[in-house]
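Commentary on secondary and tertiary structure
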Amino acid sequence: MAREAGVSRGTVSRVLNGGHNVSPTALAAVNAAIRRTGYVVNRHARSLITGRSDSVGFLLTEPQERFFEDPNFSVLLRGCTQALAAHDIPLLLMIAGNEAERRRITRYITGGHVDGVLLVSSHSGNPMAERLAKAQIPVVACGEPLGLGGQIAYVGADERGGARAMVRHLAAGGRRRIATITGPLDTPGGVQRLAGYREELAAAGLPADEALIAESDYSRAGGEAAMTALLRRAPDLDAVFVASDLMAQGALVALEHAGRSVPHDVAVGGFDDSPAALATRPPLTTIRQPFDRISTEMVRLLLARIAGDDPSAVILPTELVRRESS
């Protein structure tokens, strides 16, 4: 390869390992030689030298069926895969929804089969984040890991601000009995979106009423059950902020079964701007999370952690998307 490119072996090595300290002319010559010869890096041989696997794990700490039900997970997986492809690094999907899976995945990761982990949907009390941090595995979480402040890098959206924007929008439309369906309160999204809901009610001078709050699990069935319970407890509610688009799909089903018109009787707002938001009837007003940027930043922080940087955090802005449900 060095002879084909007309450069030294050291220059070829630096190009193959990221292109640092290589002149533009030498970089172009090596890349041209790679294209002419069809050269492919022998990852196994390189891993023996570097002690790295040159791969990354995408770890979902939810039951397997949730990966196929919730579109957010596949959107994040696709974005992280694309961001890593720019560095020629493959991404391995791992699912650890129970203790047996957690033990097996922990052994695999700590055995050196991946260089770092992108951790998705971490619940407080779930031991995976703590185990990986203790084993000094580079980890970047999607959302702030509860109870592990400063130990793990993370990327998140401004969930509290997004929730406030949605409640503000509903109140500006004249709604006064605004309910909410929260996510699990052992997740950062569940905690932050509920906090934003409470704060904006107070800012709007609307009374807080615990009967207007129902916790759920980010599933379609959970959203339907929570909406049914809210209608039973507070039949005079005139709006609902649902903490995920998938739960909002279920809430709309419950409202239809109860004979409530959306948005005439009850305005509905979701969170995520996932594909689920456009699949509802009427289309769902929601809070857009910048999933592409979240994926890109997670990969950037993880590569920095693998290189030895300290944990850091990135919070990205959200955006209100108005559609026909409110």
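Below or above, wherever it landed, is the structure these notes cover. Remember, predicted model here, so these are calculated numbers, not experimental data.

1. Observations concerning the side chain of Thr61
Following the sequence through the fold, Thr61 ends up in the loop between strand E1 (56-60) and helix H5 (64-69). Separated by 2.3 Å, the side chain of Thr61 and the backbone oxygen of Ser121 make a polar contact. Ignoring sequence-local partners within four residues, the contact set of Thr61 consists of Ala96, Leu119, Val120, Ser121, Ser122, His123, Asn126 and Met128.

2. Comments concerning the sheet that holds strand E4 (residues 139-142)
The six strands are arranged E2-E1-E3-E4-E5-E11 in an open sheet whose pairing can be described as parallel. Looking at the sheet topology across the chains shown, the edges are occupied by strand E2 (91-95) and strand E11 (313-316). Ignoring which end each strand starts from, the neighbouring axes of this sheet average 20 degrees apart. As judged from the four bridges shared by E1 and strand E3 (residues 117-120), these two strands associate in the parallel manner. Each bridged residue has a counterpart across the sheet, and for Leu60 the counterpart in E3 is Val120. Each of E1, E3, E4, strand E5 (153-157) and E11 touches helix H14 (residues 291-306); the most contacted strand, E4, lies at about 160 degrees to it.

3. Side note on the pairing of E3
Here E3 shows a buried face lined by Val117 and Leu119 and a second buried face lined by Leu118 and Val120. The parallel pair E3 and E4 is bridged by helix H8 (residues 128-134), and the resulting crossover is right-handed.

4. Quick word on the nonpolar core
In terms of nonpolar packing, the biggest core is built from 43 residues, with Ile178, Ile181, Tyr197, Met227, Val240 and Val268 touching the most fellow members. Those elements that place two or more of their residues in this core are helix H9 (159-172), strand E6 (178-182), helix H10 (188-203), strand E7 (213-215), helix H11 (220-233), strand E8 (239-242), helix H12 (245-257) and strand E9 (267-269). If we ignore the near neighbours within four places in the chain, the residues touching Val240 are Leu170, Ala179, Thr180, Ile181, Met227, Leu230, Val266, Ala267, Val268 and Gly269. Phe58, Leu118, Val120 and Ala153 belong to the second-largest nonpolar core, a separate cluster that totals 29 residues.

5. Some words on the pattern of salt bridges
One pass over the structure, following the stated rule, counts 19 salt bridges. Here Arg164 ties to Glu199 by a salt bridge, and the two come within 3.6 Å at their closest N and O atoms. One end of the pair, Arg164, is in helix H9; the other, Glu199, is in helix H10, with 35 residues separating them in the sequence. Relative accessible area serves as the criterion here: at 25%, Arg164 is assigned to the partly exposed category. The exposure class assigned to Glu199 is partly exposed, which follows from its relative accessible area of 28%. Across the pair Glu319 and Arg288 runs a salt bridge, and its minimum N-O distance is 3.4 Å. Here Arg288 lies in strand E10 (residues 286-288) and Glu319 lies in strand E12 (residues 319-321), a separation of 31 residues in the sequence. The partly exposed category is assigned to Glu319, whose relative accessible area is 42%. Taking relative accessible area as the criterion, Arg288 reaches 32% and is therefore assigned partly exposed.

Definitions and cut-offs
- Counting of residues starts from 1 at the beginning of each chain's written sequence and follows it residue by residue.
- The predicted nature of this model means local features are confined to residues of pLDDT at least 70 and side-chain atom pairs, given and counted, to a pLDDT of 80 or more, with totals for whole chains, interfaces and linings taken over all residues.
- No hydrogens and no water enter the side-chain calculation; it runs on all heavy atoms of the structure.
- Numbering goes from the N terminus for both helices and strands, where a helix is a DSSP run of H or I of at least four residues and a strand is a run of E of at least two.
- Residues adjacent in sequence count toward polar contacts only when both atoms are side-chain atoms; beyond that, a polar contact is any pair of N or O atoms within 3.5 Å, and within protein one must be able to donate a hydrogen and the other to accept it.
- Working rule for contacts: check all heavy atoms of both residues, and any pair within 4.5 Å makes them a contact.
- The pairing criterion for strands is at least two bridges between them, as found by DSSP.
- Only the stretch in contact is used when a helix axis is fitted, and all axes are lines through C-alpha atoms; the angle between N-to-C directions ranges over 0 to 180 degrees.
- Note on classification: 1.4 Å probe, protein chains only; a residue is buried when its accessible area is under 20% of the maximum for its type, exposed when over 50%, partly exposed between these limits.
- Here, the term right-handed applies to a crossover whose path from the first strand over the helix to the second runs clockwise when the strands point away from the viewer.
- Buried Ala, Val, Leu, Ile, Met, Phe, Trp, Tyr and Cys residues that are joined via side-chain atoms within 4.5 Å together make up what is termed a nonpolar core.
- Should a side-chain nitrogen of Lys or Arg be within 4 Å of a carboxyl oxygen of Asp or Glu, the pair is scored as a salt bridge.

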